Amino acid sequence: MATVVLAYSGGLDTSVAIRWIKEKYDLDVIAVTVDVGNERNMQEIADRAIQIGAVKSLIVDGREDFVRYFVWPALQAGAIYEGQYPLATALARPLIARLLVEVARQEGAVAVAHGCTGKGNDQVRFDVSINTLAPDLKIIAPVREWGMTRDNELAYAAEHNIPLKTTVANPYSVDQNLWGRSVECGILEDPWAEPPAEVYAWTSDPDALGDLAPKYYEITFKNGIPVALDGEEIPGYVLIETLNSEAGKYGIGRIDHIENRLVGIKSREIYEAPSAVVLHAAHNALESLTLSREQVRFKETVAAEYARVIYNGQWYSALHQDLAAFVQSTQRFVSGTVRVKLSRGRCQVVGRKSENSLYSIGLATYDSGDQFDHNAALGFIKLWALPLTTQAQAQLLPSIGFEGNLLNNGEGKVQIASKSESETEK
Ligand code: ARG
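Remember, predicted model here, so these are calculated numbers, not experimental data. (Residues numbered from 1 in each chain as written. Predicted model: local features only at pLDDT ≥ 70, side-chain atom pairs only at ≥ 80, totals over all residues. Heavy atoms only, no water.)

Asker: Tell me about the overall build of the protein, and please be specific about residues and values.
Answerer: Counting secondary structure elements, the protein contains 14 helices and 16 strands. Dimensions of the protein, computed from C-alpha atoms along their principal axes, come out at roughly 85 × 60 × 50 Å. Within the span of the protein, comprising 426 residues, buried residues form 46% of the whole. Contacts in the protein between residues at least 24 apart in sequence constitute 71% of all its contacts with a sequence separation of at least 6. Summed over all atoms, the accessible surface of the protein reaches about 21,900 Å², with 52% contributed by carbon and sulfur. With 40 positive and 54 negative side-chain charges, the protein shows a spacing of 2 Å between the two charge centroids. (Helix = DSSP H or I, 4+ residues; strand = E, 2+ residues; numbered from the N terminus. Buried < 20%, exposed > 50% of the residue type's maximum accessible area, 1.4 Å probe, protein only. Contact = heavy atoms within 4.5 Å. Areas by Shrake-Rupley, 256 points an atom, 1.4 Å probe, with all protein chains shown as cover. Lys, Arg positive; Asp, Glu negative; His and termini not counted. Charge placed at Lys NZ, Arg CZ, Asp CG, Glu CD.)

Next comes the structure, spelled out in structure tokens:
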């Protein structure tokens with residue numbers, strides 16, 4: 001019989017999907033559970049797929065690939081969507097899509113399936129990635145098709161004896177991997193409601209830490225990639241896991257974001273991303289030390305664009321390759337060590353050093369040993385001001401005079417009113 005490869009998470013949707021696909025499409029389901037650092041009990045989840053009726057259930061350990069090909073490049077790029085979301089969920093989708101296609105090829109499947117709803121970003125990320133990598137594969141998205149509510153699904157599960165894990169009682173929709181945890185639904189749909197304590201699983205309440213003493217960590221980067229923690233070289237996913245739990249204890253990495261989904265909806269999502277918050281702060285600090293002002297400025301633009309590419313499901317695009325090439329080039333001197341201080345809800349960079357540092361104490365100091373040429377500043381200021389003084393004399397001062405020139409009138413426009421206008425106001 002023809003087969004379909006389903007991205008299986010062990011949750012309600014994909015559990016019901018195993019049975020529903022069989023009924024609706026008469027396809028044998030091969031379940032694939034991808035380990036991106038999301039769950040501990042992979043084997044238990046995979047076994048459940050078989051109990052429900054999958055003909056085969058595979059576990060793929062995607063952790064190293066996830067870190068190497070997705071998380072680190074996003075960190076190097078400084079990719080944070082809308083200034084807030086470090087993109088954990090969005091980054092895992094193209095990897096899972098790729099693995100689905102790989103398994104589908106190995107197994108000779110005619111289709112792939114995922115458990116995304118019809119109003120989120122994830123369906124777009126999956127479908128666009130799959131269509132790009134394997135245009136011949138059919139995509140089945142049961143949750144988008146079946147029109148069942150949560151209660152309908154629970155009834156369907158009961159009727160078909162589908163074993164569910166206990167956490168389905170939870171009113172929230174949660175997705176998590178090494179890079180972060182995303183939570184939505186329930187009371188969080190009210191943007192005025194403060195998230196209840198139960199929403200958080202990785203981070204302590206920063207206001208309930210008692211007198212927990214601050215803790216310091218030294219993070220060493222090589223070409224923009226974290227390679228060591230406190231001088232000890234460790235694999236990327238271990239470093240990320242360690243910082244997730246250490247910074248999580250300080251309540252670092254809680255993010256409450258009203259975000260703009262690709263499909264046009266504003267949605268409220270709570271993220272926990274302790275490691276991502278710490279590592280982005282540290283990486284950014286090292287770039288401040290090693291990149292030129294102009295590189296930093298242009299890279300901010302690229303970072304925002306890179307974040308949109310990831311968020312909007314365009315991972316497998318030429319634009320992504322182009323942006324990535326720029327980012328890689330910027331990282332060639334981003335090596336060194338950053339010292340961070342973790343305290344109540346806060347990660348502060350308190351030190352940074354690099355062999356490629358552009359910081360010069362001789363230029364920066366206000367004490368003796370100053371090498372900065374103060375006289376050169378005069379000539380510099382003259383030329384820097386030249387276009388402004390020229391224009392002021394030719395256009396601004398003659399028409400409006402000194403008083404009317406460039407006052408911000410507090411009404412959203414910088415006042416370049418004519419003299420007569422400002423006089424009639426008086
Ligand atoms: N809004 C985030 C994104 O589009 C996370 C989506 C998954 N969230 C969830 N709670 N299931 O990347």
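Asker: Give me the lowdown on unusual backbone geometry, citing residues and values where you can.
Answerer: One non-glycine residue, Glu-82, lies in the positive phi region at around 50°. Inspection of the secondary structure puts Glu-82 in the loop between α3 (63–77) and α4 (88–107). With relative accessibility at 35%, the residue Glu-82 sits in the partly exposed group. Phi is positive for Cys-185, close to 80°, though the residue is something other than glycine. In this fold, Cys-185 is placed in the loop between β7 (180–184) and β8 (215–222). Take Cys-185: its relative accessible area is 25%, and that puts it in the partly exposed class.

Asker: Break down the packing of aromatic side chains for me, with residues and values.
Answerer: Evaluation of the coordinates by the stated rule reveals 10 aromatic pairs. Ring geometry for Phe-70 against Trp-315: centres 4.7 Å apart, planes inclined by 25°, an arrangement best described as stacked. Here Trp-315 lies in the loop between α10 (293–311) and α11 (318–330) and Phe-70 lies in helix α3, a separation of 245 residues in the sequence. Neither Phe-70 nor Trp-315 differs from the other in exposure class; each is buried. Every member of this aromatic cluster is reached through a ring pair, and the members are Tyr-81, Tyr-85, Tyr-271 and Tyr-311. Arg-125 extends its terminal NZ or CZ atom over the ring of Tyr-311, reaching a point 4.9 Å from the ring centre. (Phe/Tyr/Trp six-rings, centres within 6.5 Å; stacked < 30°, edge-to-face > 60°. Lys NZ or Arg CZ within 6 Å of the ring centre and 35° of its normal.)

Scope: geometric values only; no functional claims are made or implied.
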